[in-house]
Amino acid sequence: MGMPPAADRPPGDADRMLTADHLTRQFDARVAVQDISFELRPGEILALLGPNGAGKTTTLRLLAGLIRPSSGQVLLDGVGLHGLDGTSLRTRIGILTEAPGLWDRLTVRQNLLTYARLHGLPSPSRAVDEALDLFDVRSRAGDLAAHLSKGLRQRVALARTLLHRPGIVLLDEPTSGLDPASAKEVRALILRLRGEGRAVLLSTHNLDEVDRVADRVAVLRGRLLALGTTAALRARFFGERLKVTVAGDAQQFVSVLGGSSGVDIVRADGPVLLADGAAASAHAPEIVRRLVAAGADILSVHPEHVPLEEVYLHLLGEGSTES
Ligand code: ATP
């Protein structure tokens, strides 16, 4: 039997690749991140979500050992980063920063070759050739970096991040500002990294992207507000959702469903009734009976995913009462 996906397994020692252990980082009096703890496991994509200034970039930089925590520590396979030398850190971790710079006056190949040599790779030329193929940029190898489109620059920057085949990959908004086709290509690359068993931490503002690729989500606003699979976060805050479409305005039927078993919240949006609750789907027959008895002409009944955006905004709203 194959291994279940990393997100469904309890964390074991072998899974503990990169650990944030009560991380706090202050910049002068400003606390950028406070008491953050989580583990990044092999073969998973963990999405880091949070509003501007929530501390996502700070967290990534802490995890890559680019800055030191004010308190707490980062552990790589159980060993504190401060105890590791720079070379072993760089070998294990690849980070794509928010605005990755390429040397504009060098060609794509020269950019990658410089990095391959900096990393001390045994066959820099071969590693670059492989990366050019892998990222589908071989035909542009001779182009100056200055002449690349934004999407291509990002692909080359990703190729550079992954040139030395790090097991842990930290990506800061890798699809931000890319057109839909380029963003899709980058997402496909990220999924491939997971397929290769690497641990990927992805900071993004794109909730649809999180829904498509992430195994788990960490929601951050200075503190960690929530951590879990998207399914678990949905279930925690909304349970299941049943979407019933009726002929005409659904508002008149909201009160009909009040007190139905398995349903906690009912709201109407035009002809659509949304019933959220721990067991909304199981109670679909009762819900339909009640609506028909109240004179509703039902056009369709579907169980539905609560949009991640609703979960996220709910979390941030809830978090604001804490701070
Ligand atoms: P965004 O989504 O806008 O990229 P973010 O979640 O990545 O934001 P950070 O860039 O980590 O957030 O910033 C968190 C907080 O720490 C902000 O208030 C920011 O101003 C502050 N901060 C980050 N880096 C520094 C620094 N080098 N010096 C001073 N303050 C900093």
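Residues numbered from 1 in each chain as written. Predicted model: local features only at pLDDT ≥ 70, side-chain atom pairs only at ≥ 80, totals over all residues. Heavy atoms only, no water.

This part takes up the site of the ligand. The immediate surroundings of the ligand are formed by 14 residues, with Asn52, Gly53, Lys56, Thr57 and Thr58 found nearest. In the model, an oxygen atom of the ligand is placed 3.1 Å from a nitrogen or oxygen of the Ala54 main chain. Here an oxygen atom of the ligand and a side-chain polar atom of Thr57 are 2.8 Å apart. Relative to its free-state accessible area of 640 Å², the ligand is covered by the protein chains to the extent of 66%. Sorting the residues of the shell around the ligand by element identifies β2 (30-40) and α1 (56-63) as the ones contributing at least two each. Class assignment of the residues belonging to the shell around the ligand gives a composition of 4 nonpolar, 6 polar and 4 charged. (Near = heavy atom within 4 Å. Polar contact = N/O pair within 3.5 Å; in protein donor to acceptor, adjacent residues only side chain to side chain. Areas by Shrake-Rupley, 256 points an atom, 1.4 Å probe, with all protein chains shown as cover. Helix = DSSP H or I, 4+ residues; strand = E, 2+ residues; numbered from the N terminus. Nonpolar A, V, L, I, M, F, W, Y, C, P; charged D, E, K, R; others polar.)

Here we take up the domain arrangement of the protein. Domain boundaries assigned for the protein yield domain 1 (6-233) and domain 2 (240-305). Using only C-alpha atoms to locate each centre, domain 1 and domain 2 end up separated by 43 Å. (Domains from an automatic or database assignment.)

Here we come to the side chain of Glu44. Relative to the elements of secondary structure, Glu44 occurs in the loop between β2 and β3 (45-49). Judged by its relative accessible area of 0%, Glu44 falls in the buried class. (Buried < 20%, exposed > 50% of the residue type's maximum accessible area, 1.4 Å probe, protein only.)

To continue, consider the sheet that holds strand β7 (residues 168-172). Strand order in the open sheet formed by 6 strands is β6-β7-β8-β3-β9-β10, and the pairing between neighbours is mixed. The open sheet has two edge strands with one neighbour each: β6 (93-96) and β10 (223-228). Going from strand to strand, the sheet's axes swing by 15° on average, the running direction of each strand aside. Strand direction decides the pairing type here: strand β9 (residues 216-221) and β10, joined by 5 bridges, are antiparallel. Following the sheet pairing, Leu220 is matched in β10 by Leu224. (Pairing = 2+ DSSP bridges. Axes fitted to C-alpha atoms, helices over the stretch in contact; angles between N-to-C directions.)

A sheet is described by the order of its strands in space; here 4 strands give the open sequence β12-β13-β11-β14, paired in antiparallel fashion. Of all strands in the sheet, those with a lone pairing partner are β12 (265-269) and β14 (298-304), marking the two edges. Each neighbouring strand pair of the sheet contributes to a mean axis angle of 15°, computed without reference to strand direction. Alignment of strand β11 (residues 240-246) against β14, held across 6 bridges, turns out to be antiparallel. What sits directly across from Val244, in β14, is Val301.

The complete set of buried residues in helix α3 (residues 108-118) reads Val108, Asn111, Leu112, Leu113 and Ala116. Just beyond α3, the residue with positive phi is Gly120, at close to 65°.

Let's shift gears to the packing of α3 against helix α5 (residues 150-162). Helix-helix packing is characterised by the crossing angle of the two axes and by the distance between the axes. In the contact formed by α3 and α5, the axes pass within 9 Å of each other and the chain directions differ by 20°. When the interaxial angle is binned, α3 and α5 end up roughly parallel. Seen along the crossing, α3 lies across α5 with a hand that is right-handed. Side by side, α3 and α5 meet where Val108, Leu112 and Tyr115 of the first sit next to Val156, Ala159 and Arg160 of the second. Looking at the contact of α3 with α5 residue by residue, the class counts come to 5 nonpolar, no polar and 1 charged. (Parallel < 35°, antiparallel > 145°, perpendicular 65-115°, else oblique. Left-handed = near helix turned anticlockwise from the far one by under 90°. Contact = heavy atoms within 4.5 Å.)

In total, this model carries 1 aromatic pair according to the counting rule given. For the ring pair Trp103 and Tyr115, a centre distance of 5.7 Å and an interplane angle of 40° mean the geometry is tilted. With a gap of 12 residues between them, Trp103 in the loop between β6 and α3 and Tyr115 in helix α3 connect regions that are remote in the sequence. (Phe/Tyr/Trp six-rings, centres within 6.5 Å; stacked < 30°, edge-to-face > 60°.)

All of the buried residues along helix α8 (residues 230-238) are Thr230, Leu233, Arg234, Phe237 and Phe238. One face of α8 carries all of its buried residues, which in axial projection span an arc of 100°. (Arc of directions from axis to C-beta.)

Here we come to the environment of Ser182. One can find Ser182 in helix α6 (residues 180-195). Placed 28 residues apart in sequence, Ser182 and Gln154 show a C-alpha to C-alpha distance of 8.9 Å.

So, about the packing of α3 against helix α4 (residues 124-134). Their axes nearest at 9 Å, the elements α3 and α4 cross at an angle of 130°. The pairing of α3 with α4 is recorded here as oblique in orientation. In this structure, α3 meets α4 at a crossing whose hand is right-handed. For the pair formed by α3 and α4, the contact residues are Val108, Arg109, Leu112, Leu113, Ala116 and Arg117 on the first element and Pro124, Ser125, Val128, Asp129 and Leu132 on the second. Its residues placed into classes, the contact of α3 with α4 shows 7 nonpolar, 1 polar and 3 charged.

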